[in-house]
Amino acid sequence: MRSYLLTLQYSFLGDYNMAEEKMFFINPHRIDLSNVELNGRILDVGGGGEGIIGIYKGAQVIAIDRRKGELEKAADGNYLKIIMDAKDLKFLDETFETVTAFYMFMYVPMENRKEIFKEIHRVLKKGGELVLWDMVIPQKGESKKELYGAEVKVIIGEQEIDTGYGTHWNKEQDLKYFIDLGKKAGFEVSSKQEDDKKIFIRYHKTN
Ligand SMILES: C[S@@+](CC[C@H](N)C(=O)[O-])C[C@H]1O[C@@H](n2cnc3c(N)ncnc32)[C@H](O)[C@@H]1O
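Residues numbered from 1 in each chain as written. Predicted model: local features only at pLDDT ≥ 70, side-chain atom pairs only at ≥ 80, totals over all residues. Heavy atoms only, no water.

### Observations regarding unusual backbone geometry
Leave glycine aside and you will find that most residues have negative phi; peptide bonds, for their part, are mostly trans.
Right, on to step 1. Although it is not a glycine, Asp196 sits at a positive phi angle of roughly 50°.
Right, on to step 2. Considering the arrangement of structural elements, one finds Asp196 in the loop between strand 10 (187–195) and strand 11 (198–205).
Right, on to step 3. Residue class for Asp196 comes out partly exposed when judged on its relative accessible area of 44%.
Right, on to step 4. Non-glycine residue Lys197 carries a positive phi angle of around 65°.
Right, on to step 5. Tracing the backbone through its elements, the reader meets Lys197 in the loop between strand 10 and strand 11.
Right, on to step 6. Lys197 sits in the partly exposed class, given a relative accessible area of 32%. (Helix = DSSP H or I, 4+ residues; strand = E, 2+ residues; numbered from the N terminus. Buried < 20%, exposed > 50% of the residue type's maximum accessible area, 1.4 Å probe, protein only.)

### Section: the sheet that holds strand 6 (residues 96–102)
Right, on to step 1. Overall, mixed pairing links the 7 strands, which are arranged 5-4-3-6-7-11-10 in an open sheet. Strands at the two margins of the open sheet, each flanked by one partner only, are strand 5 (80–83) and strand 10. If you compare each strand with its neighbour and ignore which way they point, the axes differ by 15° on average.
Right, on to step 2. Along the sheet, helix 4 (residues 113–123) makes contact with strand 3 (42–45), strand 6, strand 7 (124–135), strand 10 and strand 11, crossing strand 7 at roughly 145°. (Pairing = 2+ DSSP bridges. Axes fitted to C-alpha atoms, helices over the stretch in contact; angles between N-to-C directions. Contact = heavy atoms within 4.5 Å.)

### A few points about the site of the ligand
Right, on to step 1. In the vicinity of the ligand, 22 residues are found, and the nearest of them are Gly46, Glu50, Asp65, Ala86 and Tyr165.
Right, on to step 2. Taking Gly48, its main chain carries an N or O atom lying 3.5 Å from an oxygen atom of the ligand.
Right, on to step 3. Contact between the ligand and Phe102: a nitrogen atom at 2.9 Å from a main-chain N or O atom of the residue.
Right, on to step 4. Across the complex, the protein chains shield 99% of the 590 Å² of accessible surface that the ligand would expose by itself.
Right, on to step 5. Among the residues forming the shell around the ligand, the class breakdown is 11 nonpolar, 5 polar and 6 charged. (Near = heavy atom within 4 Å. Polar contact = N/O pair within 3.5 Å; in protein donor to acceptor, adjacent residues only side chain to side chain. Areas by Shrake-Rupley, 256 points an atom, 1.4 Å probe, with all protein chains shown as cover. Nonpolar A, V, L, I, M, F, W, Y, C, P; charged D, E, K, R; others polar.)

### Some details on helix 4
Right, on to step 1. Within the sequence span of helix 4, burial applies to Arg113, Ile116, Phe117, Glu119, Ile120, His121 and Val123.
Right, on to step 2. Buried residues in helix 4 make contact with strand 3, strand 6, strand 7, helix 5 (175–184), strand 10 and strand 11.

### So, the pattern of salt bridges
Right, on to step 1. Inspection of every chain in the model, using the stated rule, returns 13 salt bridges.
Right, on to step 2. The residue Glu70 makes a salt bridge to Lys73 at a minimum N-O spacing of 3.0 Å. With Glu70 and Lys73 both in helix 3 (residues 68–73), this residue pair falls 3 residues apart, about one helical turn.
Right, on to step 3. In this structure, Asp76 and Lys81 form a salt bridge, with 3.8 Å as the shortest nitrogen-oxygen distance.
Right, on to step 4. Each of Asp93, Glu119 and Arg122 takes part in a single network of salt bridges with overlapping partners. (Salt bridge = Lys/Arg side-chain N within 4 Å of Asp/Glu carboxyl O.)

Structure below.
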């Protein structure tokens, strides 16, 4: 599994032939999407990789990713894939009922996140939701590990998808960080969870 993780998720970190020992693995995450409500038209930002939200919600989904290769690699399905940078979304204001970010922000440099949250808020309809899944990344401190990540098992009804997400360990993020980021962009938080370094937040756009 881990060599799969290394090959899968490092493809766009540049040709990192990172040995497993350079990776700090946290406990595997298990994400059951089976009963997660996602309404209306859905914009899935960072929807390359496995294309989990596209697999889950099919025709409701427009998946964007700034890397063509990541979208091509994502599962085929009845959803739309568009090459686009989330920092500059090419959609009119108030177009979507829902925006999803499934283990996406961990791949985004800290300095780009505020802009992306602002763009997400702009393209959401009033009453719309941003639904975010990600992982806690603590300060690197003295660790010699260059990468940080986890194996992730995704459950969608009977379907099980074994994958993993890993990134440069040059970021720090937790539940409070994402809540503050969302509030600064104008969101309110309707539900939040952090357990075993797994983050899940539902934000809604009030006005
Ligand atoms: C590995 S994926 C996350 C998991 C993915 N949602 C899935 O279902 O497997 C993270 C993606 O975010 C994309 N990404 C990073 N920054 C981005 C940005 N500014 N705009 C659009 N996509 C971005 C990366 O290219 C990468 O494909």
